[in-house]
Amino acid sequence: MRSVADAVAAVSAHQVTKVFGSGSDRVVALDDVSVDIRANEFFTLLGPSGCGKTTLLRLIAGFDHPTSGRIDLEGQDISYLPPYKRPVNTVFQSYALFPHMTVAENIGFGLKMLGKPQSEIDAEVSKMLKLVKMEAMRDRATSAISGGQQQRVALARALAPKPKVLLLDEPLSALDLKLRKEMQIELKRLQSETGITFIFVTHDQEEALTMSDRIAVMSAGKILQVGSPRQIYDHPSHRFVADFIGETNFLEAELTSVSKRVGKLKLGSGTTIDASLPGDGVAKGPVTAVVRPEHANLVKGKAAAASLTGKLGNIVYFGTDTHYHVALDDGGEFIVRMQNARDDAGRWSVGDAVGVSIDKDAVQVLRD
Amino acid sequence: MGKSAVAADKDATSGALAGEEARRRDIQNRWLLATPALVIILFAALGPLLIMLVYSFLQKGLYGGVIWNFSGQGWFDVFLSKDIFDDTISFADAHMLIFWRSIKLSLITTIATLLLGFPTAYFIATRSPKWRGVFLFLVTIPFWTNLLIRTFAIQEVIKNEGLLNIVLLKLGLISSPIQIMFTDTAILLGMAYVYLPLMVLPLYASMERLDFRLVEAGYDLYATRLQVLRRIIIPLVKPGIIAGSILVFVPSLGAYVTPRILGGGKKMMLGNLIELQFGQGRNWPLGAALSITLLVIVMVALLFYVRNASKSGVKSHG
Ligand SMILES: Nc1ncnc2c1ncn2[C@@H]1O[C@H](COP(=O)(O)OP(=O)(O)OP(=O)(O)O)[C@@H](O)[C@H]1O
Ligand SMILES: [Mg+2]
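What counts as what
- Residues numbered from 1 in each chain as written.
- Chains lettered and ligands numbered in written order.
- Predicted model: local features only at pLDDT ≥ 70, side-chain atom pairs only at ≥ 80, totals over all residues.
- Heavy atoms only, no water.
- Salt bridge = Lys/Arg side-chain N within 4 Å of Asp/Glu carboxyl O.
- Helix = DSSP H or I, 4+ residues; strand = E, 2+ residues; numbered from the N terminus.
- Buried < 20%, exposed > 50% of the residue type's maximum accessible area, 1.4 Å probe, protein only.
- Domains from an automatic or database assignment.
- Contact = heavy atoms within 4.5 Å.
- Buried area = accessible area lost by both parts, 1.4 Å probe.
- Polar contact = N/O pair within 3.5 Å; in protein donor to acceptor, adjacent residues only side chain to side chain.
- Nonpolar A, V, L, I, M, F, W, Y, C, P; charged D, E, K, R; others polar.
- Near = heavy atom within 4 Å.

Asker: Before we move on, could you go through the pattern of salt bridges and cite the residues and values that matter?
Answerer: Tallied over the entire structure, the rule returns 30 salt bridges over all chains. A salt bridge links A:Lys181 to A:Glu206, with the nearest nitrogen and oxygen atoms 3.1 Å apart. Note that A:Lys181 is positioned in helix α6 (residues 177-194) and A:Glu206 in helix α7 (residues 205-211), a separation of 25 residues in sequence. On the accessibility criterion, A:Lys181 (36% relative accessible area) is partly exposed. According to the relative accessible area criterion, A:Glu206 is partly exposed, its value standing at 45%. Residue B:Arg24 pairs with B:Glu21 through a salt bridge whose shortest N-O separation is 3.4 Å. A residue pair is termed a helical-turn pair when its members lie 3 or 4 positions apart in one helix, as B:Arg24 and B:Glu21 do in helix α1 (residues 2-55) at three residues. Bridged by salt links that share partners, the residues A:Lys133, A:Arg152, A:Glu186, A:Arg189 and A:Glu193 form one connected network.

Asker: Pulling in residues and values, what's your account of the domain arrangement of chain B?
Answerer: Residue and element names in this part refer to chain B. The domains assigned to chain B are domain 1 (2-55) and domain 2 (90-317). Here the C-alpha centroids of domain 1 and domain 2 sit 41 Å apart. Every contact between the two is made by four residues of domain 1 and, on the other side, seven residues of domain 2. Interface area, domain 1 with domain 2, both sides summed: about 470 Å², of which 88% is carbon and sulfur. Considering only the side of domain 1, the residues that lose the most area to domain 2 are Leu-49, Met-52 and Tyr-55, jointly responsible for 89% of the buried surface there. Applying the counting criterion to the domain 1 and domain 2 interface returns zero salt bridges. Across the contact surface, domain 1 and domain 2 share zero residue pairs in polar contact (both at pLDDT 80 or more). Per-class residue counts for the side of domain 1 that touches domain 2 are four nonpolar, no polar and no charged.

Asker: How would you summarise the site of ligand 1 if you had to cite specific residues and measurements?
Answerer: Residue and element names in this part refer to chain A. Taken together, 13 residues lie near ligand 1, and Ser-49, Gly-50, Lys-53, Thr-54 and Thr-55 sit nearest. The separation between an oxygen atom of ligand 1 and a polar side-chain atom of Ser-49 is 2.4 Å. The backbone of Gly-50 places a nitrogen or oxygen atom 2.7 Å from an oxygen atom of ligand 1. Looking at the shell around ligand 1, the elements with two or more residues in it are β2 (27-37) and α2 (53-61). For the shell around ligand 1, the element with the most residues is α2, which contributes three residues. For the shell around ligand 1, a count of residues per class yields five nonpolar, six polar and two charged.

The structure is reproduced here in C-alpha cells:
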C-alpha cells in the first residue's frame, strides 16, 4: 500500500516558471523549477526572503497559475484548476481566520462548503478541536484568542476537510520561541497522525532541519538542492546551500589529482589535504572546499597531522561545546567546534599556536 | 514608622486628588473641542426642527404663514380628508399614494444603487493604488456639477426625442419612442444616477479595508465565487453596505428636484408635496406636519434597518 502511494508523487512541479509584471517591473519569481514531493512526507521549502517559496505554494494552492510549466497532483495536471476544486488546503502566514465567525465556524467552513450535513460537520469540528487542544474555545470569537491559539485554529481549519496536501506558509514565524518549539513538535505529531503530505515553508534553517523528511533549498527562484536534512547539511551541493544552512568554513583550493575517489586539494598556503569525492570523474581545477566546524579537530602546535596551521584567536563557550576561531597562517579564519569534556578547562588559550586536522571524509568539494 | 506611613497616606490622597482634577480638566477640554459642532447642531438642526413642530400645531394663514392659535388641522390633513359636501371623513388617498410612492421609489433606488455600486466598488478596491485614485476621482465627478444640470442632462437622454430613444429607434429595437419622462421609471433613473456615488464611496471604503487573504482562504476551503461573496465578502463589508444604503435612502425619500423635473407635476414625491404646501398650497401647518412625518419615517426605517443588519453577522468586525 505504501509503495503505491510512493510510486506517484503527491505533488510534482515540471519546469515551472512564474513571472510577475512586465517591462522594468518584470520579476521572475520561479525559474524553471522541477520537484517531486512524495505522499505522506514532511517536505520543506527553505530559502531566504524573496526566493519564491510563497509563489510556489500559491501555484500549488491554485491562487496563481504558472507562466509556463505544469503542476501535477497525484499525476493529474492541476495547473489551471481553481483553488476550490483542489484537495489542497493552506495554513496562511497571517492565519487569515474569518473575523465574523467563531472558532468552530471557522474550522467547519471547509466541510460546510463541501456540502456535508451539519451533524457530520459538528462531529468533525469537535475532533479537530481536540486534535489541536482547543476544546474550550469552541464558541469564542477569533479576535478573542491568542496568537498561538489562532495558529491552532488555522491548522484545524485547514485539516478538517482532510486535504491530500497541506500547505503551510511560515505558520510559526509570528510565535515566540517557546511556543514555536511547542508548535514544531505539535506539527510533526499532526503530520504523522493524519498521514497528510505537508509542504512547509520557512526561512529558518534550524526549523527545517529538525522537522523535515526532505528539504528543498531555494535561492532566487530556483531549487538548488533537494534532500534529507542530513544530506543537505553534510553534502551541500552549492556554496549557497552550505552557507545558508549551519556554520561553514570555506577554503579556496585547487584539485590537482584524483584517484580512487580521493582528491588532492592544494590550498592557498601551499599545503595539500585529501578529500573524499563522489567519483573519479571530478574535473581538476579551482574548487571550494567546505568543512563543517564540528568535523574538524584542533591539535597542539605544529603537529604532523595538522592540515592547517594558525593561532588561536577567539574562544567562544556555548555550554555543550566551544567554538575556536583559528587565525590561519595564510590569512584566513577557520572555526572549529568541539564538544566540551569535564577536563577541558584551560586546555586551550588565546594565542596558542595550533593546527587543524581535517579528515578526508569531512571535506566537501564544490565547484561554484 | 507610623508617622511616615501617615505622611505617605496623605501624599497618596493628594496624588489621587491631583489625578481626579487632571481627569476633570481633560473631560472639560474635550467638551470644549466639541462645542462649535454642538452649537451648529443646536441652532441649525434642532432649532428649525422645533419651529416645524410648533408650526404643525398652529392654524394656517390665509396667504401662507401661520396664525398663532393651536390647531390639529395640519396633522388631521396629513392622514385624513373631509369631504367638502357631506363632511364624511376618509383617508387622504392622495397623500397615502405619495407616501407609498416615496418609500417604494427610495427603496428601489437604494437596491439599484447597491446592485450597481457593489461591483463598481469591488472593481475599484481591487485595482492598484494608483488606479484606485483615478477611478475614485471619476466616481466623484458628478458632484462637481449642479444637481439641476445633472437632472436636465438625464432628461435630455430619456425624453421622447432624446438620445436613448433615437438610438433604440435607429437600431430598430422599437418602432415608436418609449415614454419614459413623467413616469416612476424616469424618477428612478434620475435618482439612481444622482445617488450612485453616495453608495460607491462608503462601499469602497470598507472594501478597501477588506483583507483579500480572507477571500483566498475562502476559495482554499472549497467556497465557490458565489459562496465567497455571500459568506465572506458581504458580511465583512456590511458596515459599508449599511452606510451606503442610509446615505442613498434618506435623501431619496426627501428628494425634490429629481421628481419635480423628471416626474413633471404628475408623479409627486414627499419632497414635492411638502414644497407644495409652503408654496401654492399656502398650508404651512400641513407642510410642517408632513415634514415631521417624513422625519419619523426615516428614523423608523433606519432603526429597523440597522437593527436587522447588525443582527446577522458583523460581530467583532470594525
Ligand atoms: N503579486 C506579485 N507581483 C509582483 N511580484 C511579486 C508578486 N508576488 C511575489 N512577487 C515577487 O516574487 C518574488 C518571490 O516572492 P515570494 O513571495 O514567493 O518570496 P518568499 O520566498 O515567499 O519570500 P518571504 O520569505 O519574504 O515570504 C519576490 O521578488 C517578490 O517581490
Ligand atoms: Mg513568503
